[in-house]
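Topology and contacts: notes
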Amino acid sequence: MSTQTGEQVIDTCHTTVHTLGRQNKHEGRRLRFMQKDGRFPVVFQQTSGQWSTYLKDIFTTLVEIRWRAMILIFSLSYILSWLFFGLCYWLIAYVHGDIDNVDNNPCLENVRGFTGAFLFSMETQATIGYGFRGMTENCIGAIIVVTVQDVFSCLLDTVVIGIIVAKMACARKRAQTVGFSRCAVVNLRDGGLCLSWRLGDFRGNHILEGVARAQVVRYVKKPLGSIVMSNQHLDIQNQDIVLATPATIIHKLEPGSPLYSLGPDDLLEENFELVVSFTYTGDSTGVLHQTRTSYTAADIRWGQRFQDMLKMGKKHYKVNYALFNETTWVPVPLLSAEMYDRRRRPVEDGPLSPSVKRNGHAYHANLSTTQEVMQQTSL
């Protein structure tokens, strides 16, 4: 590689580090549209009467709540039902006189107070049946209450078990074992600037097939605190992915791309967020999952590429996930893709393009990329 190209690499590293420092400082004043773990920091302000939509679809509401709340509801549903039917049995025994008179023919054997009625209710609904307390034929009302409780217990078991199974099938933990790289990089591929990020599956039972998507979310703050948001789709070269080994998702910065006119310094002035997702079907459960994350301007590293992490052994392909988020510097012009394409055409007249000013310094971008650089950045 020539001496000029080596100087370009040094200047690029210095300028990019300085730019990233400014980005991180500016990033602290921005609110992310999506968190790195895929959650949205969105709070709904409900008006009166809108909670009925959650009650109408109570099954979905219970599936989406947290486990701690689900366990609480699970416990209360049984305890409250035992208390309710225990109160019914105690009232029947009290009206029939079983509590005060032990010599009459009782409706419920060995139920002489609320504690006994509660225990009988729990034994009936849980089908324990210790054989000490039992129902007699003396009171039709008690028989009706026992029948209602048996039917209710079957219905309650079906609903609670169905909710728990559906909640476990959601398997949000499975989505956490499919991850994106912490940063995105911009480098040269096939003679053009490309934005790329990594995707990997950290479990042994690999995903057979999935679809990767990406979009740019821009938000403009209006007076009185209102925000206008817009979404623009990004074209991905390898959208359908077989994730047996880590994959690099590539978006070429070409005409029509929302990021085509943005350079390394322009990222500081743009309020945008790159939202990426990977939708796939788990091969163990057959359930549809989605893993997602987002990249802000501070997460985009200009002039870097991901290190190689896949090697071929005698019997297996070896993947070193310790290098999943590691990047290395490569020579990349400090220009937007639009300006780079414009200045690439007259390069045939000379090896160097006119100087480009960035942060008060002048740099000469070598736009006639050497074969060595092309081999490095295409990996």
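Residues numbered from 1 in each chain as written. Predicted model: local features only at pLDDT ≥ 70, side-chain atom pairs only at ≥ 80, totals over all residues. Heavy atoms only, no water.

1. What to know about the overall build of the chain
In plain terms, the rule: A run of DSSP states H or I qualifies as a helix once it reaches four residues; a run of E qualifies as a strand once it reaches two. Both are numbered from the N-terminal end. Only protein chains enter the accessibility calculation, which uses a 1.4 Å probe. A residue is then buried if its area is under 20% of the maximum for its type, exposed if over 50%, and partly exposed in between. Two residues form a contact once any of their heavy atoms are found within 4.5 Å. Throughout, the Shrake-Rupley method with a 1.4 Å probe supplies accessible areas, and for residues the shown protein chains are the sole cover considered.
Within the chain, the secondary structure is distributed over nine helices and 18 strands. In the chain, buried positions account for 41% of the 379 residues. Looking at the chain alone, contacts between residues at least 24 apart form 68% of all its contacts between residues at least 6 apart. Of the accessible surface of the chain, which amounts to about 21700 Å², a share of 58% is contributed by carbon and sulfur atoms.

2. Observations concerning the pattern of salt bridges
Quick reminder of the rule: Definition used for salt bridges: Asp or Glu carboxyl oxygen within 4 Å of a side-chain nitrogen of Lys or Arg.
If you walk through the whole model with that rule in mind, you get three salt bridges. Residues R133 and E123 are paired through a salt bridge, measuring 3.3 Å at the closest nitrogen-oxygen approach. Placement of R133 in the loop between α5 (114–125) and β2 (134–135) and of E123 in helix α5 is noted, with a sequence separation of ten residues between them. Given a relative accessible area of 7%, E123 falls into the buried group. The salt bridge partner of R342 is E338, with a shortest N-O separation of 2.9 Å. Taken as a pair, R342 and E338 lie in helix α8 (residues 337–344) at a separation of four residues, close to a single helical turn.

3. Some points on the state of the cysteines
Let me state the cut-off plainly: In this description, the term disulfide denotes a pair of cysteine sulfurs within 2.5 Å.
All chains considered together, the criterion is met by one disulfide. Here C107 connects covalently by a disulfide to C139, the sulfurs 1.5 Å from one another. On the S-S bond that ties C107 to C139, the torsion sits near -40°, and the link is left-handed. You can see C107 sitting in the loop between α4 (67–96) and β1 (108–109) and its partner C139 sitting in the loop between β2 and α6 (140–170), a full 32 residues away along the chain. Take C139: its relative accessible area is 10%, and that puts it in the buried class.

4. A short note on the confidence of the model for the chain
We count it as follows: Known as pLDDT, the predictor's per-residue confidence is scaled from 0 to 100.
With 73% of its residues at a pLDDT of 70 or more, the chain shows a mean pLDDT of 77. A low-confidence stretch, residues 1–28 stays under pLDDT 50, and its non-local contacts, those more than four residues away or across chains, total 46 contacts.

5. A look at the packing of α4 against α5
Using the following cut-off: Angles run from 0 to 180 degrees between N-to-C directions of axes, and those axes are lines fitted to C-alpha atoms, restricted for helices to the stretch in contact. Here is the rule for angles: anything less than 35 degrees is roughly parallel, anything more than 145 is roughly antiparallel, 65 through 115 is roughly perpendicular, and the remaining ranges are oblique. Put simply, a crossing is left-handed when the front helix is turned counterclockwise from the back one by less than a right angle, and right-handed when it is turned clockwise. Under this grouping Gly is polar, as are all residues other than the nonpolar Ala, Val, Leu, Ile, Met, Phe, Trp, Tyr, Cys and Pro and the charged Asp, Glu, Lys and Arg.
Running from amino to carboxyl end, α4 crosses α5 at an angle of 125°, the nearest separation of the two axes being 8 Å. Taken together, the axes of α4 and α5 lie oblique to each other. Between α4 and α5 the crossing geometry is right-handed. Of the residues in α5, those touching α4 at Y78, S81, W82, L83, F85, G86, L87, Y89 and W90 are F114, A117, F118, F120, S121, M122 and Q125. Its residues assigned to classes, the contact of α4 with α5 shows twelve nonpolar, four polar and no charged.

6. Concerning the side chain of S81
Note that S81 resides in helix α4. Look past the residues within four positions of S81 in its chain and what remains in contact with it is L76, S121, Q125, F152 and L156.

7. Brief notes about a nonpolar patch on the surface
Let me state the cut-off plainly: Surface patches are drawn from residues lacking salt bridges whose relative accessible area is over 30%; two like charges belong together within 9 Å, two nonpolar side chains (Val, Leu, Ile, Met, Phe, Trp, Tyr) within 5 Å.
Among the surface-exposed residues, L72, L76, I79, L80, L83, L87, L91 and F114 lie close enough to one another that they form a single nonpolar patch of about 660 Å² accessible area. Mapped onto the elements of the fold, I79 is located in helix α4. Accessibility expressed as a relative area gives 37% for I79, which makes it partly exposed.

8. What to know about unusual backbone geometry
Of note in the backbone geometry, N110 takes a positive phi value of approximately 60° without being a glycine. For N110, the position within the fold is in the loop between β1 and α5. Non-glycine residue D190 carries a positive phi angle of around 55°. Assignment of secondary structure puts D190 in the loop between β4 (184–189) and β5 (192–201).

9. A word on the packing of aromatic side chains
We apply this condition: Between the rings of Phe, Tyr and Trp (Trp by its six-membered ring), a pair exists once the centres lie within 6.5 Å; its type follows the angle of the planes, with under 30 degrees stacked, over 60 edge-to-face, and the other angles tilted.
Enumeration over the complete set of coordinates arrives at eleven aromatic pairs. Ring plane angle 50° and centroid distance 6.0 Å describe the contact between F85 and F152, whose orientation is recorded as tilted. Within this pair, whereas F85 is found in helix α4, its partner F152 is found in helix α6, the two being separated by 67 residues in sequence. A relative accessible area of 6% means that F85 is categorised as buried. On the numbers, 5.6 Å between centres and 80° between planes, the contact of F202 with F324 is edge-to-face. In this pair, F202 sits in the loop between β5 and β6 (210–221) while F324 sits in the loop between β15 (317–319) and β16 (327–329), placing the two residues 122 residues apart along the sequence. According to the relative accessible area criterion, F202 is partly exposed, its value standing at 41%.

10. A word on the nonpolar core
Across soluble globular proteins, nonpolar side chains show a tendency to be buried alongside one another. Operational definition: To qualify as a nonpolar core, a set must consist of buried Ala, Val, Leu, Ile, Met, Phe, Trp, Tyr and Cys residues joined through side-chain atoms within 4.5 Å.
Of all hydrophobic cores here, the largest spans 39 residues; its most connected members are L193, L195, W197, L274 and F278. When residues of this core are assigned to their parent elements, the largest contribution, five residues, is made by strand β10 (residues 272–281). Contact partners of F278, with chain neighbours within four places excluded, come to V178, F180, L199, I207, G210, V211, A212, I241, L243, H289, Q290 and T291. Core analysis: the second largest hydrophobic core is formed by twelve residues, F85, I92, F120 and A142 among them.

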